[in-house]
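As a plain string of letters, each chain reads:
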Amino acid sequence: MTTKISVIGAGNVGATCAQRLAEKNLGDIVLVDIVEGIPQGKALDIMQSGPVVGFNSLVIGTNDFADIKDSSLVIVTAGLARKPGMSRDDLLKMNAAIITDVVNNIKKYAPNSIILLVTNPLDTMTYLAWKVSGFPPNRVLGMAPLLDLARMATFIALELNAPITEVKAVVLGTHGDLMVPVPSQTTVKGQSITELLSDNKIKQIVTRTQNGGAEIVAHLKTGSAYYAPSAAAVYMAEAVLKDTKETIISSVYANGEYGLKDLYVGLPAKLGKNGVEEIVEIELTEEERAALQKSAEAIKNNNAKIQ
Ligand code: APR
């Protein structure tokens, strides 16, 4: 049987995820949105690239959640972006209502799936999805640290004029202002960036990484990033669907690891057919550990607002 993957939300991130999933031949794809016509039109357009690109995925667009039936994996990108005059808390409440609705449908039609959250605020929406689904925590995870570390790697590559794929960056914690870039574990061709860049330069790169999303919003004016976010989500989806067990930093449920408990937070984890197979502990400096704690507190504050 062909693998079925559903993407909820046919906006910029969702549609680009569907395109990337198809181009990687990862399975048949169902693209769902509440707006009539958008998922149908985009799905047809993506599928018509098949004869050119060379993939056989069936890509279906729909407004009916019943069509996600028996999906192995559901990527959730449905949500609203912050508009002028809307506070972060307003956005939190509005997206919480959307995620609750979406996850209830996933629970109903794809009860054995793995849920990969993308909607912001990421760590809190992933926690909510876990609560609403009633799934075991390994079957719910969130994308964002992979995006954040890709941004950090890009800035380092640009600074050192190094090949981007040779930079291995590490970012833990929340997807937000208090994310925790980890210079002590970040390398270029195996060499620590602490030996390659001055403290001042590293600080600048850390700050630019923390503001990575806002930098793009400032350029685009309307809307936010979607090429790198969709690349990160689909990379995680591939690890799950192909059962690679690769360690990928993801928003995962912490149950004592790194001294953190009862929250979704960005930590290194092996991903495979069961979703999160294992959380991996890496060495951190005292300062990085303290920053991770602070990051976790911010997530818990947000989680409390939607209880
Ligand atoms: N069910 C299905 N789709 C929904 C629902 C719902 N209940 N509510 C909203 N949507 C759809 C919207 O109709 C829209 O097409 O979600 C889509 C969101 O798309 P965009 O506005 O283009 O947003 P996008 O840039 O894709 O970002 C989506 O990902 O990276 C995060 O912060 C970002 O939370 C945001 C999410």
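As the structure is a prediction and not an experimental result, all values here were calculated from the model. (Residues numbered from 1 in each chain as written. Predicted model: local features only at pLDDT ≥ 70, side-chain atom pairs only at ≥ 80, totals over all residues. Heavy atoms only, no water.)

**Observations concerning helix α10 (residues 227-241)**
Move 1: Compared with an ideal rise of 1.5 Å per residue, which puts 15 residues at 21 Å, α10 spans 21 Å between its outermost C-alpha atoms and is within 8% of the ideal.
Move 2: When α10 is considered as a whole, its buried residues turn out to be Pro229, Ser230, Ala232, Ala233, Val234, Met236, Ala237, Glu238, Ala239 and Val240. (Helix = DSSP H or I, 4+ residues; strand = E, 2+ residues; numbered from the N terminus. Expected span 1.5 Å × (residues − 1). Buried < 20%, exposed > 50% of the residue type's maximum accessible area, 1.4 Å probe, protein only.)

**As for the site of the ligand**
Move 1: As a structural note, the neighbourhood of the ligand is formed by 17 residues, with Asn12, Val13, Asp33, Thr77 and Asn120 the closest of them.
Move 2: One nitrogen or oxygen atom from the side chain of Asp33 is found 2.6 Å from an oxygen atom belonging to the ligand.
Move 3: With respect to the ligand, the side chain of Asn120 contributes an N or O atom lying 2.8 Å from an oxygen atom.
Move 4: Mapped by element, the contributors of at least two residues to the shell around the ligand are α1 (12-23) and α4 (88-109).
Move 5: When residues of the shell around the ligand are assigned to their parent elements, the largest contribution, three residues, is made by α4.
Move 6: Taken together, the residues that form the shell around the ligand break down as eight nonpolar, seven polar and two charged. (Near = heavy atom within 4 Å. Polar contact = N/O pair within 3.5 Å; in protein donor to acceptor, adjacent residues only side chain to side chain. Nonpolar A, V, L, I, M, F, W, Y, C, P; charged D, E, K, R; others polar.)

**Remarks on the domain arrangement of the protein**
Move 1: In terms of domains, the protein is made up of domain 1 (4-142) and domain 2 (145-304).
Move 2: Facing the 31 residues of domain 1 at the interface are 34 residues of domain 2.
Move 3: Roughly 2700 Å² of surface becomes buried between domain 1 and domain 2 when both sides are summed, with 66% attributable to carbon and sulfur atoms.
Move 4: Broken down residue by residue, the surface that domain 1 buries against domain 2 is led by Arg20, Asp123 and Tyr127, which jointly contribute 22%.
Move 5: Taken together, the links from domain 1 to domain 2 amount to one salt bridge.
Move 6: Here Lys24 ties to Glu238 by a salt bridge, and the two come within 2.9 Å at their closest N and O atoms.
Move 7: For the interface between domain 1 and domain 2, the tally reads 13 residue pairs in polar contact (both at pLDDT 80 or more).
Move 8: Secondary-structure elements contributing two or more residues to the side of domain 1 that touches domain 2 are α1, β4 (73-76), α4, β5 (114-117), α5 (122-133) and β6 (140-142).
Move 9: Split into classes, the residues belonging to the side of domain 1 that touches domain 2 amount to 18 nonpolar, eight polar and five charged. (Domains from an automatic or database assignment. Contact = heavy atoms within 4.5 Å. Buried area = accessible area lost by both parts, 1.4 Å probe. Salt bridge = Lys/Arg side-chain N within 4 Å of Asp/Glu carboxyl O.)

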